Amino acid sequence: VDLTKYDPLAVCNDNSSAKLYYIKGNIERRRGSDQMYWMLYLEGGGMCYDETSCLQRAAKAPGKISSYTRGRIPPGMNNGIFDSRRIRDDAFLANMNKAFVPYCSSDAWLGDSPISYGNRSYSTKFRDSFRGGFRGSRILYAAIKALVERGVTKSDHFILGGCSAGARGALSH
């Protein structure tokens with residue numbers, strides 16, 4: 001799911017559209033009264049804090065600043081709580097609606113800022129690599145809007161989690 005449909009600023013560092021991957025649970029809502037379980041998992045992967053650390057991140061882990069470098073299904077969707085073969089005997093996990101948002105904002109899911117502010121002069125390489133700014137917060141809220149469109153209601157159980165920078169984002173929101 002392209003998250004810029006829900007917020008035009010839900011973009012990765014390189015200005016590519018942030019993505020949400022969704023797996024529908026096995027139970028259908030009946031007459032709108034059944035509570036559904038939803039889990040939104042924020043991928044982790046460190047962060048950068050200045051021009052030097054961000055350029056190092058872009059060179060060493062380009063997939064952490066862009067959605068263009070991702071395959072059709074991110075690696076995190078094939079294991080753990082997303083692995084349908086492992087969880088088929090666990091009714092709670094098997095029936096839960098699950099969503100995964102790859103991490104591409106380098107800000108622990110907390111930012112909402114462009115890179116150009118004040119009189120700061122950044123290198124051309126930094127401006128090109130990080131032209132989308134640091135928009136983790138907008139990406140998260142766009143993901144929630146996408147899930148609401150897919151059926152999340154106020155009476156449902158909603159679990160927000162993640163690991164590393166994703167856990168920090170989940171804890172802060």
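Residues numbered from 1 in each chain as written. Predicted model: local features only at pLDDT ≥ 70, side-chain atom pairs only at ≥ 80, totals over all residues. Heavy atoms only, no water.

**Digging into the state of the cysteines**
The criterion, for reference: We call a pair of cysteine sulfur atoms a disulfide whenever their separation is within 2.5 Å. Secondary structure elements are taken from DSSP: a helix is a run of H or I of four residues or more, a strand is a run of E of two residues or more, and numbering for both begins at the N terminus. A 1.4 Å probe rolled over the protein chains alone gives each residue an accessible area, and that area as a share of the maximum for its type sets the label: buried under 20%, exposed over 50%, partly exposed in between.
For the coordinates displayed, the defined rule picks out 2 disulfides. Note that Cys-12 is cross-linked by a disulfide to Cys-104, the S-S spacing being 2.1 Å. One quick way to see it: the torsion about the S-S bond of Cys-12 and Cys-104 is about -70 degrees, and its sign makes the bridge left-handed. With Cys-12 in the segment before strand 1 (21-23) and Cys-104 in the loop between strand 3 (97-101) and helix 4 (124-129), the pair connects residues that are 92 residues apart, well separated along the chain. The burial state of Cys-12 is the same as that of Cys-104; both residues are buried. Linked covalently through their sulfurs, Cys-48 and Cys-54 form a disulfide whose S-S length is 2.0 Å. Its torsion about the S-S bond being 85 degrees, the disulfide of Cys-48 and Cys-54 is classed as right-handed. As far as the burial class goes, Cys-48 and Cys-54 line up, both buried. Along the chain, the cysteines that take part in disulfide bonds pair up as 1-4, 2-3, counted in sequence order.

**Considering a nonpolar patch on the surface**
For clarity, the threshold we go by: Grouping into patches uses exposed residues only, defined as over 30% relative accessible area, and leaves out salt-bridged ones; the cut-off is 9 Å for like charges and 5 Å for nonpolar side chains (Val, Leu, Ile, Met, Phe, Trp, Tyr). Here the Shrake-Rupley method, with its probe set to 1.4 Å, supplies the accessible areas, and only the displayed protein chains count as covering residues. Whenever Lys or Arg places a side-chain nitrogen within 4 Å of a carboxyl oxygen from Asp or Glu, that contact is recorded as a salt bridge.
Together, Tyr-37, Phe-92 and Ile-159 give the surface a local cluster of nonpolar side chains, amounting to about 250 Å² of exposed area. By the element assignment, Phe-92 lies in helix 3 (residues 91-95).

**Brief notes about the sheet that holds strand 4 (residues 157-162)**
Formally: Two strands are said to pair when DSSP picks up at least two bridges between them. Here, axes are lines fitted to C-alpha atoms. For helices the fit covers the stretch in contact, and angles between N-to-C directions go from 0 to 180 degrees. Here, residues are in contact when the closest pair of their heavy atoms is within 4.5 Å.
Within the open sheet, the 4 strands sit side by side as 1-3-2-4. Their pairing is mixed. This sheet does not close on itself; its edge strands, each paired only once, are strand 1 and strand 4. Each neighbouring strand pair of the sheet contributes to a mean axis angle of 15 degrees, computed without reference to strand direction. Direction of pairing for strand 1 relative to strand 3: antiparallel, over a ladder of 3 bridges. Along strand 3, the bridge assignment pairs Ile-23 with Lys-98. Across the sheet, helix 5 (residues 136-149) lies against strand 1, strand 2 (37-42), strand 3 and strand 4, angled at about 155 degrees from strand 2, the strand it touches most.

**Section: the packing of aromatic side chains**
The condition that has to hold: Two rings from Phe, Tyr or Trp (for Trp, the six-membered ring) form a pair when their centres are within 6.5 Å of each other. A pair whose planes differ by under 30 degrees is stacked, one over 60 is edge-to-face, and the rest are tilted.
Within this structure, the stated rule accounts for 6 aromatic pairs. Ring centres of Tyr-122 and Phe-126 lie 4.8 Å apart, and the angle between their planes is 35 degrees; on these two criteria the pair is classed as tilted. Judged by its relative accessible area of 13%, Tyr-122 falls in the buried class. Their ring planes at 25 degrees and their centres at 5.7 Å tell us that Phe-130 and Phe-134 sit as a pair that is stacked. Taking relative accessible area as the criterion, Phe-130 reaches 0% and is therefore assigned buried. Under the relative-accessibility criterion, Phe-134 is labelled buried at 15%. These aromatic residues form a ring-pair network of at least three members: Tyr-122, Phe-126, Phe-130 and Phe-134.

**As for the pattern of salt bridges**
By the definition in use, this model includes 6 salt bridges. Residues Asp-7 and Arg-138 are paired through a salt bridge, measuring 2.9 Å at the closest nitrogen-oxygen approach. With Asp-7 in the segment before strand 1 and Arg-138 in helix 5, this residue pair connects regions lying 131 residues apart in the sequence. Taking the relative accessible area as the measure of exposure, Asp-7 reaches 11% and is therefore buried.

Coordinates in, geometry out; function isn't part of it.
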